[in-house]
Amino acid sequence: MQLTSFTDYGLRALIYMASLPEGKMTNITEVTETYGVSRNHMVKIINQLSRAGFIAATRGKNGGIRLGMDPRHIIIGDVVRKMEPLQLVDCATCVITPACRLRKALNDAVQLFLRELDSYTLADLVEGNEPLYHILLSEPPVAMNLK
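What comes next concerns the included structure. (Residues numbered from 1 in each chain as written. Predicted model: local features only at pLDDT ≥ 70, side-chain atom pairs only at ≥ 80, totals over all residues. Heavy atoms only, no water.)

All right, on to the layout of surface pockets then. Taken as a whole, the largest pocket holds about 320 Å³ of empty space. Taken together, 15 residues line the largest pocket, and the ones lying closest to its centre are Ile28, Ile46, Ala57, Arg59 and Ile65. Sort the elements by how many residues they give to the lining of the largest pocket and helix H3 (residues 39-51) lands first, with five residues. Within the lining of the largest pocket, the residues separate by chemical class into five nonpolar, eight polar and two charged. Here the second largest pocket is characterised by a volume of approximately 180 Å³. Every residue along the wall of the second largest pocket is listed here: Leu86, Gln87, Leu88, Val89, Asp90, Cys91, Ala92, Arg103, Leu106, Asn107 and Val110. When its residues are assigned to classes, the lining of the second largest pocket shows seven nonpolar, two polar and two charged. (1 Å grid on protein atoms, 1.4 Å probe; cavity = no way out; pocket = protein on both sides within 12 Å on 5 of 7 lines; lining within 4 Å. Points joined across faces, edges and corners; volume = space filled by probe spheres on them. Helix = DSSP H or I, 4+ residues; strand = E, 2+ residues; numbered from the N terminus. Nonpolar A, V, L, I, M, F, W, Y, C, P; charged D, E, K, R; others polar.)

Pasting the structure below:
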C-alpha cells in the first residue's frame, strides 16, 4: 500500500511540529520550506489536520500552527484514517463483483496495516530522535513539544 502525498506530508508536518521546542509555534511557510512542497498543497493538508484536531491554528499577528494535542495521544493509524482514502479498489462496475473475494482480502490487508500503525504515536517518532532534530531544527530543542 502506498500513501498519498497528502497523507505523507500531513505526517511530516506533524513530525515537524512535534520536534519544535515546547511552546513554539510555526507557520505554513516554515513547513513548506522545510519539506519543499507547494504552499497550496500544504494549506490543504494543514486545514485537514486542523479539522481533525491534530493541529491548532491561531490567526492574527502572533498566530501560527502547533500540535492540537499531546503527541503521545496522536496515533499514527488515526492520522492515516483521517487523511487517506482507504478504498483500494472500485468494485462498482466490475463484472466479477458478485463472486469476487479480492475486496475482502484487500480490506483485511488494510485493517492489518492500520492496526500496525495504531501501535505508534507521534511521540514514538520524535522523542529522543537527535538526528531528526538536527535535520529539522539545526539543533536539538531544549524541551520537546510534549504537552
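To continue, consider the side chain of Glu84. Its place among the elements puts Glu84 in the loop between helix H4 (76-83) and helix H5 (102-117). In this structure, Glu84 is buried with no salt-bridge partner, the nearest side chain bearing the opposite charge being Arg12 at 12 Å. At 2.4 Å, the side chain of Glu84 forms a polar contact with the side chain of Thr7. Not counting the four nearest positions on each side in its chain, Glu84 is found in contact with Met1, Gln2, Leu3, Thr4 and Thr7. (Buried < 20%, exposed > 50% of the residue type's maximum accessible area, 1.4 Å probe, protein only. Lys, Arg positive; Asp, Glu negative; His and termini not counted. Salt bridge = Lys/Arg side-chain N within 4 Å of Asp/Glu carboxyl O. Polar contact = N/O pair within 3.5 Å; in protein donor to acceptor, adjacent residues only side chain to side chain. Contact = heavy atoms within 4.5 Å.)

Turning next to the pairing of strand E2 (residues 64-67). Taken together, the four bridges between strand E1 (residues 55-58) and E2 define a ladder with antiparallel strand orientation. Pairing of Ala57 across the sheet is with Ile65, part of E2. In this structure, the hairpin formed by E1 and E2 is closed by a connection of five residues, where Gly60 is found at a positive phi of approximately 105 degrees. (Pairing = 2+ DSSP bridges.)

It is worth stressing that arrangement in space is one thing and function is another; only the former is reported here.
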